[in-house]
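Structural description and commentary
The residues making up each chain are set out below.
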Amino acid sequence: MHTRKSVALAAAALLFFCLSVPSLSAQDIRGRYLIQHDYRPSDGLARIGWLSDYYPGLLGTPGDSKVYYFEGSKPGGTLFIGGGTHGNEIAGIMAAVLLIENLKVEAGRVIVVPNMNNSAVSHQEKESLLPSYTTRGPAWISIQSPSGQRFFKYGSRCTNLAHQGVPDPAGGYVHPDSNEAPLPAWEFRNLNRAYPGRIDSGLTQKIAYAVTQVLIREKVDIAFDYHEADAGGRLANMMVANPKNIGTAAAALFDLELDHGLSLKLEPSNMEFRGLSHREWGAGTDAQAFLTETPNPGMVENAPPDVDVVNDPKNPLGSRVAKHIYSTLAVARVYGESNPGRMILMSGLPAYEDLASQGLGPYLR
Amino acid sequence: MKKTFLLCALFLAFAASVSGQQGLAFAEKPALVTSIGQSADFEMIKVLLSRAKIAFTADPLIKAEGLNASSKTLILVVGASSKGLGAAGISAEDELKRTNALLKKAKELKMSVITLHVGGASRRGAMSDTLIKSCMAASDYAIVVASGDEDGLFTALAAQAKIALTKVERLSSAGAPLAAAFK
C-alpha cells in the first residue's frame, strides 16, 4: 500500500515536471536558450553564430537566436536577411529557411537570421489586447519535403509577455526618440517598433539592439526585413525602402516586373515614425534598408481560426516566399551594378516560377 | 500560302507600329518629371525614363516659378499618397494649388504635358481623383496602367480633353508608348 502510494506520488511528480518544462525549448551547455527549430543548412553554410555574439546580454534569454553566415570565395558586399520579426508572418521565416537550406554564395557574404524575435514563436497566447490577426494561425505548419514531413513553428506578433522582463507601459508605448502619440501598450513588445534598440529596457529592445549591432559590425551593405500583411490590405505586396535607397528599390521592382511579371508597390519609410527597421537601419547604419510585405491569408481581419496559411489558393506560401527572395535578389543585382566592388552573387536557389508554382516542399532538405 | 500570310501579318504589324508612333511623336526632349501627389510612383517613372533613354530632369516638388523653357515636356506622375504628402510637409490642398499653377505656367511656356498614372486601382480615391482631373484637363497625352481605369475615369477625362490615352497592363509596359511620344 505504502509502495503504491510512493509510485503514484513519483508518477505525479514526474508528470508535473514534464508539464512544467516547455517542450519547445531548453538551454544548452553554455546557457543558451534553445528553441528547437528544424533548419538544415546547405553545404554553402560557412558558420553559425548567435545574436548574443553581438550583445552578450541576450545569452541565455529567449531573445537569443541563430545567425547563419554564407561566404563567397570572391570578395563583395554583405547582404543581411531577417525573417521572423513577427512570428505569425510565416512567409518571412520560411523565405529565410529556404535560403539557409539552398544558398550558395559566389561573391560577397549573406547573413541570415530566420527568427529575429525568437521569443515571438514561443507563444500564441490570445492576449485580450492584441488584435486577433496577431495571434491567429496554427501552432505549427507542416510541409512535405523530399526527406519527409517537416514542421515549422508559427508564432505571435510580439515578444512573449513572460519574456519581456518589463511590463507594458501603462499609458501606451512611445518610442524614446518619437514625438508621436502613444501606440497601444503591447507595441512595446513589437520588434519592429523598437529599433535601433537599447540595453536598459525590455527583451524586445535588447533584441533590436543586437540586430543593429550585426548590421554595424558586419558592415552590411543591404538589409532586408521580411514581413507579411493582411492579404487584402494596403501593405500587402509592397516593398518599403529607406528614402536614401529608394532609387535602388524602384529599379529592382522594375526588373521584377520585367523578369517575372511580379508587381510590388513601393513606399518610402516615414522618417517621423520611429522604431521601424527600414527607417532606423537606414538612418543608423551604412546599410541600404528594405522591408517586404507579402499577403498572409491568416492576417485578414475576418479570417476563420482554422485558416490555411500554407495552401491558400490565391496566395500560397510558395509564391509569398518567392516574392521575398526574388525581391532581394533584384535589389542585390541593382546594388551590385552601381557598386561593382560590393557585388553579392548567389546561386543554388529555385527559379521564381518553380517556387511560386510548386511550393517550398521540393526545395527543403 | 503560308509565306504570303506571314508577309501580310508582318506588314500589318509594321504599319500599326509606325502609325502609332507617327500619331503620338509630339513631345520634345528634355523632359521634366514631377510628382503630383507625392507617391513613390515618381521613383518608378525615373527608372522607366532612364531605361527608355529619355533625357530628363526630376523634381517632385517643382513649383511654377521653377519651370522654364529649358525643359520642353512636362511629365506628371499623378497619384496621391498621404504618407508622401506628409513626408513632404504639404497638404492635399497645397498640392492641388501647386499642380494648377504648374500647368498654367507650362501652357505659357508652350510645353507638352504628359500624364502618367501607374499605381493602378490602389492609387485612386478622392484625393488622387481631384489631382487626376486637373492633370488630364491640361495634358496632351496620358498613359495609365489599366487597373487604374476600371471605372473609366481616365477614358472619360481623355475624351473630354480630346487627348490620346494609352492603357498598359503593367508599369514596365509604359516605357514603349512613352518613348514613342517623343520626337
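Preceding this section is the structure that the text describes.
Reading the values: the criteria
- In this numbering scheme, every chain counts its residues from 1 along its sequence in written order.
- A letter from A marks each chain and a number from 1 marks each ligand, given out in the order of writing.
- Per-residue local features of the predicted model are confined to residues with pLDDT of at least 70, and side-chain atom pairs are confined, for both listing and counting, to 80 or more; whole-chain, interface and lining totals are unaffected and use all residues.
- Side-chain measures were taken over the full set of non-hydrogen atoms in the model, leaving aside hydrogen atoms and water.
- Working rule for contacts: check all heavy atoms of both residues, and any pair within 4.5 Å makes them a contact.
- In this description, buried area is defined as the sum, over both parts, of the accessible area (probe of 1.4 Å) that is lost when the two are combined.
- Each reported salt bridge corresponds to a side-chain nitrogen of Lys or Arg within 4 Å of a carboxyl oxygen of Asp or Glu.
- Under the rule applied, a polar contact is a pair of N or O atoms within 3.5 Å (in protein, one hydrogen donor and one hydrogen acceptor; residues adjacent in sequence only if both atoms are side-chain atoms).
- Secondary structure counts use DSSP, requiring at least four H or I residues in a row for a helix and at least two E residues in a row for a strand, with both numbered from the N terminus.
- Side-chain classes follow a simple rule in which Ala, Val, Leu, Ile, Met, Phe, Trp, Tyr, Cys and Pro form the nonpolar group, Asp, Glu, Lys and Arg form the charged group, and the remainder, Gly included, forms the polar group.
- Whether two strands pair depends on DSSP finding at least two bridges between them.
- All axes here are fitted lines through C-alpha atoms, helices being fitted over the stretch that makes contact, and every angle between N-to-C directions spans 0 to 180 degrees.
- Lining residues are those with an atom within 4 Å of a point, where the points come from a 1 Å grid over the protein atoms alone and group into cavities, where a 1.4 Å probe fits but cannot get out, or pockets, open sets with protein on both sides within 12 Å along at least five of seven lines.
- Grid points are joined across faces, edges and corners, and a volume is the space filled by probe spheres set on the points.
- Each residue is assigned to one of three classes by its accessible area relative to the maximum for its type, calculated with a 1.4 Å probe on protein chains only: buried under 20%, partly exposed between the two thresholds, exposed over 50%.
- Only buried residues count toward a nonpolar core. Its members are Ala, Val, Leu, Ile, Met, Phe, Trp, Tyr and Cys residues joined through side-chain atoms within 4.5 Å.
- One less than the residue count of a helix, multiplied by 1.5 Å, gives the span that helix is expected to have.

**Quick notes on the interface of chain A and chain B**
Each partner contributes to the interface: chain A provides 18 residues, whereas chain B provides twelve residues. Contact with chain B buries area across many residues of chain A, yet Phe254, Glu257 and Leu266 of chain A alone supply 41% of it, more than any other trio. At the junction of chain A with chain B, the criterion picks out two salt bridges. In this structure, Arg51 of chain B and Asp255 of chain A form a salt bridge, with 2.6 Å as the shortest nitrogen-oxygen distance. Summed over the shared surface of chain A and chain B, the result is seven residue pairs in polar contact (both at pLDDT 80 or more). Those elements that place two or more of their residues in the side of chain A that touches chain B are α5 (246–260) and β11 (265–268) of chain A. Among the elements that line the side of chain A that touches chain B, the one with the most residues is α5 of chain A, at nine residues. Looking at the side of chain A that touches chain B residue by residue, the class counts come to nine nonpolar, five polar and four charged.

**Examining the sheet that holds strand β4 (residues 112–117) of chain B**
Residues and elements named next belong to chain B. Pairing in this open sheet of six strands is parallel, and the strands run β2-β1-β3-β4-β5-β6 from one edge to the other. This sheet does not close on itself; its edge strands, each paired only once, are β2 (56–58) and β6 (164–168). Each strand axis lies, on average, 20 degrees off the axis of its neighbour in the sheet, ignoring direction. Relative to strand β5 (residues 141–145), β4 is paired through four bridges, and the arrangement is parallel. Bridging from a neighbouring strand, His117 pairs with Val144 of β5. The strands that helix α2 (residues 41–51) touches are β1 (31–36), β2, β3 (73–78) and β4; relative to β1, the one it contacts most, it runs at about 160 degrees.

**A closer look at empty space enclosed by the protein**
Residues and elements named next belong to chain A. The final tally for this structure, using the stated rule, is one cavity of 30 Å³ or more. The volume enclosed by the largest cavity comes to roughly 80 Å³. Forming the boundary of the largest cavity are Tyr173, Val174, His175, Ser178, Glu180, Ala181, Leu183, Arg193, Phe273 and Arg274. Its residues assigned to classes, the lining of the largest cavity shows five nonpolar, two polar and three charged.

**Quick notes on the pattern of salt bridges**
All names here are of chain A. Evaluation of the coordinates by the stated rule reveals 25 salt bridges over all chains. Notably, a salt bridge pairs Arg320 with Glu228, separated by 2.7 Å at the nearest N-O pair. Note that Arg320 is positioned in helix α7 (residues 317–338) and Glu228 in strand β9 (residues 222–230), a separation of 92 residues in sequence. For Glu228, a relative accessible area of 2% puts it in the buried group. Each of the salt bridges in this network shares a partner with another, and the network as a whole consists of Asp38, Arg40, Glu101 and Arg150.

**Re the nonpolar core**
Counting 89 residues, the largest nonpolar core has Met94, Val110, Ile141, Leu317, Val321 and Ile325 of chain A together with Leu178 of chain B as the members making the most contacts within it. Among the elements that make up this core, the one with the highest residue count is α7 of chain A (eleven residues). Formed by 25 residues, the second largest nonpolar core is a distinct cluster that contains Tyr55, Val67, Leu191 and Val220 of chain A.

**Remarks on the layout of surface pockets**
Size it by volume and the largest pocket reaches roughly 750 Å³. Lining the largest pocket are 30 residues; nearest its centre among them are Ser263 and Lys265 of chain A together with Gly119, Ser122 and Ser147 of chain B. Where the lining of the largest pocket is concerned, the elements lending two or more residues are α5 and β11 of chain A together with α2 of chain B. Here the residues of the lining of the largest pocket sort into twelve nonpolar, nine polar and nine charged. Each pocket or cavity is described by its volume, and for the second largest pocket that value is around 490 Å³. Forming the walls of the second largest pocket are 26 residues, and the residues nearest its centre are Arg157, Arg193, Arg234, Leu235 and Glu293 of chain A. If you list the elements that add at least two residues to the lining of the second largest pocket, you get β9 and β12 (288–296) of chain A. Take the lining of the second largest pocket: its biggest share by element is four residues, from β9 of chain A. Among the residues making up the lining of the second largest pocket, the classes are represented as ten nonpolar, six polar and ten charged.

**Some points on the side chain of Arg124 of chain B**
All names here are of chain B. Examined against the element boundaries, Arg124 turns out to sit in the loop between β4 and α5 (126–137). Among the polar contacts listed, one links the side chain of Arg124 to the side chain of Asp129, at a separation of 2.7 Å. Polar side-chain contacts of Arg124 include one of 2.7 Å to the backbone oxygen of Gly148.

**Digging into helix α4 (residues 92–108) of chain B**
All names here are of chain B. In this model α4 runs 25 Å from its N-terminal to its C-terminal C-alpha over 17 residues, within 8% of the 24 Å that 1.5 Å per residue would give. Those residues of α4 that are buried lie in contact with β1, β3, α3 (82–88), β4 and α5. Just downstream of α4 lies Lys110, where phi reads positive at about 55 degrees.

**Let's talk about unusual backbone geometry**
With glycine set apart, most residues show a phi of negative sign, and most peptide bonds adopt trans. A cis amide bond links Tyr195 of chain A with the next residue in sequence, Pro196 of chain A, at an omega value of 5 degrees. Relative to the helices and strands, Pro196 of chain A resides in the loop between α3 (161–164) and α4 (203–217). Cis geometry is found at the peptide bond from Lys29 of chain B to Pro30 of chain B, where omega equals 0 degrees. As for its placement among the helices and strands, Pro30 of chain B is situated in the loop between α1 (2–24) and β1. In this structure, Asn237 of chain A takes a positive phi of about 60 degrees despite not being glycine. For Lys162 of chain B, which is not glycine, the phi dihedral falls at a positive 55 degrees. Its place among the elements puts Lys162 of chain B in the loop between α6 (153–161) and β6. Note on Lys162 of chain B: relative accessible area 76%, which makes it exposed.

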